[in-house]
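Tertiary structure, described
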Amino acid sequence: MYTSLTLPCSIIAIGAFDGVHQGHQAVIQQAVEKSKELHVPSVIYTFDPPPRVFFQGVQMITTIAEKLSILEKLGVDHVVVTRFDLAYANKSAHDFIQTLANLNPMEIIVGEDFRFGQGRTGDLAMLKKYFNVDMMQPVCCSKGNTVSSTRIRQLIAEGDTRLSNLLLGWPIGE
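As the structure is a prediction and not an experimental result, all values here were calculated from the model. (Residues numbered from 1 in each chain as written. Predicted model: local features only at pLDDT ≥ 70, side-chain atom pairs only at ≥ 80, totals over all residues. Heavy atoms only, no water.)

This next bit is on the overall build of the protein. When helices and strands are counted, the protein shows 8 helices and 5 strands. Its helices and strands taken in sequence order, the protein reads β-α-β-α-α-β-α-α-β-α-β-α-α from the N to the C terminus. For 174 residues, the compact-globule formula gives about 16 Å, and the C-alpha radius of gyration of the protein, at 16 Å, lands near that figure. For the protein, the spread of C-alpha atoms along the principal axes amounts to about 45 × 35 × 30 Å. When the 174 residues of the protein are sorted by exposure, 45% land in the buried category. Contacts in the protein between residues at least 24 apart in sequence constitute 74% of all its contacts with a sequence separation of at least 6. Charged side chains in the protein number 15 positive and 17 negative. The centres of these two groups are separated by 4 Å. (Helix = DSSP H or I, 4+ residues; strand = E, 2+ residues; numbered from the N terminus. Rg over C-alpha atoms; globule rule 2.2 N^0.38 Å. Buried < 20%, exposed > 50% of the residue type's maximum accessible area, 1.4 Å probe, protein only. Contact = heavy atoms within 4.5 Å. Lys, Arg positive; Asp, Glu negative; His and termini not counted. Charge placed at Lys NZ, Arg CZ, Asp CG, Glu CD.)

Turning next to the pattern of salt bridges. A pair can form between side chains of opposite charge whenever their charged atoms are brought close. One pass over the full model with this rule turns up 3 salt bridges. A salt bridge links lysine 34 to glutamate 107, with the shortest nitrogen-to-oxygen separation between them at 3.4 Å. Of the two residues, lysine 34 sits in helix H1 (residues 22-38) while glutamate 107 sits in strand E4 (residues 105-111), which places them 73 residues apart along the sequence. By relative accessible area, which is 7% here, glutamate 107 ends up buried. (Salt bridge = Lys/Arg side-chain N within 4 Å of Asp/Glu carboxyl O.)

Another point: the confidence of the model for the protein. In the predicted model, the protein carries a mean pLDDT of 90, and the fraction of residues at 70 or more is 95%. For the protein, per-element mean pLDDT is lowest for helix H8 (residues 161-168), which scores 87, and highest for strand E1 (residues 10-14), which scores 97. (pLDDT = per-residue confidence, 0-100.)

A few words on H1. Look at H1: 24 Å from first C-alpha to last across 17 residues, which is about the 24 Å you get at 1.5 Å a residue. Taken together, the buried positions of H1 are occupied by Gly23, His24, Gln25, Val27, Ile28, Ala31, Val32 and Ser35. Taken from the residues just after H1, histidine 39 is the one with a positive phi, measuring 60°. (Expected span 1.5 Å × (residues − 1).)

Now for the side chain of aspartate 48. Tracing the chain through its elements places aspartate 48 in strand E2 (residues 42-48). Each residue touching aspartate 48, except ones within four places of it in the same chain, is listed here: Met60, Ile64, Val81, Thr82, Arg83 and Phe84.

With respect to the helices, strands and loops of the structure, isoleucine 108 is situated in strand E4. Residues isoleucine 108 and leucine 127, 19 residues apart in the sequence, show an inter-C-alpha distance of 8.9 Å. Among residues more than four places away in sequence, those in contact with isoleucine 108 are Ile12, Ile14, Leu100, Leu127, Phe131, Asn132, Val133 and Asp134.

For the rest of this paragraph, the subject is the side chain of glutamate 107. Within the structure, the side chain of glutamate 107 is placed 3.4 Å from the side chain of lysine 34, a separation counted as a polar contact. Discounting residues that sit within four places of it in the chain, glutamate 107 has contacts with Ser10, Ile11, Ile12, Gln30, Lys34, Asn132 and Asp134. (Polar contact = N/O pair within 3.5 Å; in protein donor to acceptor, adjacent residues only side chain to side chain.)

A word on the sheet that holds strand E5 (residues 133-136). Read from one edge to the other, the open sheet built from 5 strands follows the order E3-E2-E1-E4-E5, with strand pairing classed as parallel. Whereas interior strands pair on both sides, the edge strands pair on one side only; in this sheet they are strand E3 (78-83) and E5. Strand-to-strand, the axes of this sheet are offset by a mean angle of 20°, without reference to chain direction. The pairing of E2 with E3 spans 6 bridges and is parallel. Note that in E3 the partner of threonine 46 across the bridge is valine 81. (Pairing = 2+ DSSP bridges. Axes fitted to C-alpha atoms, helices over the stretch in contact; angles between N-to-C directions.)

Here's what the structure looks like:
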C-alpha cells in the first residue's frame, strides 16, 4: 500500500471501491488483465474513507484492511490509498491529473460516473485529454439491476445478507 508512488508505466483503475463488489471487481480484473498483457504493473488508486462516507456519512462497507486483502486476492500489483479529507477534497482536478501523471499510465480504467477534483469538476472528457481512458459499463445482476455500493448498503440495512453477499461476490466478514 502506498500513499504516493512513481512508476515508469502502469495500468490504473481508479475508484472508491467500497465493498469491492462485482462491478468493482470487473474494473479491477480488466486492469490486472491489461497489465499482464502489456507486462506493466497494475495500480488501484483508491480513497480512505470513500468520498461518499466522507461527504454523506454513509456506512462504509469495507475497512481499508478488508479492501486491501480483497485487492491482493484479485492479483493487483500496487495500491495507492489516498486519505480523503477536506484538504484532499479541495484539490483541483488538475492536481489529480498531475498525481496520475506520476504513475505514467498507459491506460486508466474507470466507471461511467467517475468525477474528480474540487466540486467534482473533472470528468471523463477532461481525463481523456491527458490519458488513454477506458470507461467500464455498469455491471448488472441477473434481474438487470445495477450492482452498486448504495444498493448493497440498502440490502445490508434491510438484513438481506444473502443478496448483499451475492452482489459483493464475497461473504461479509470474510
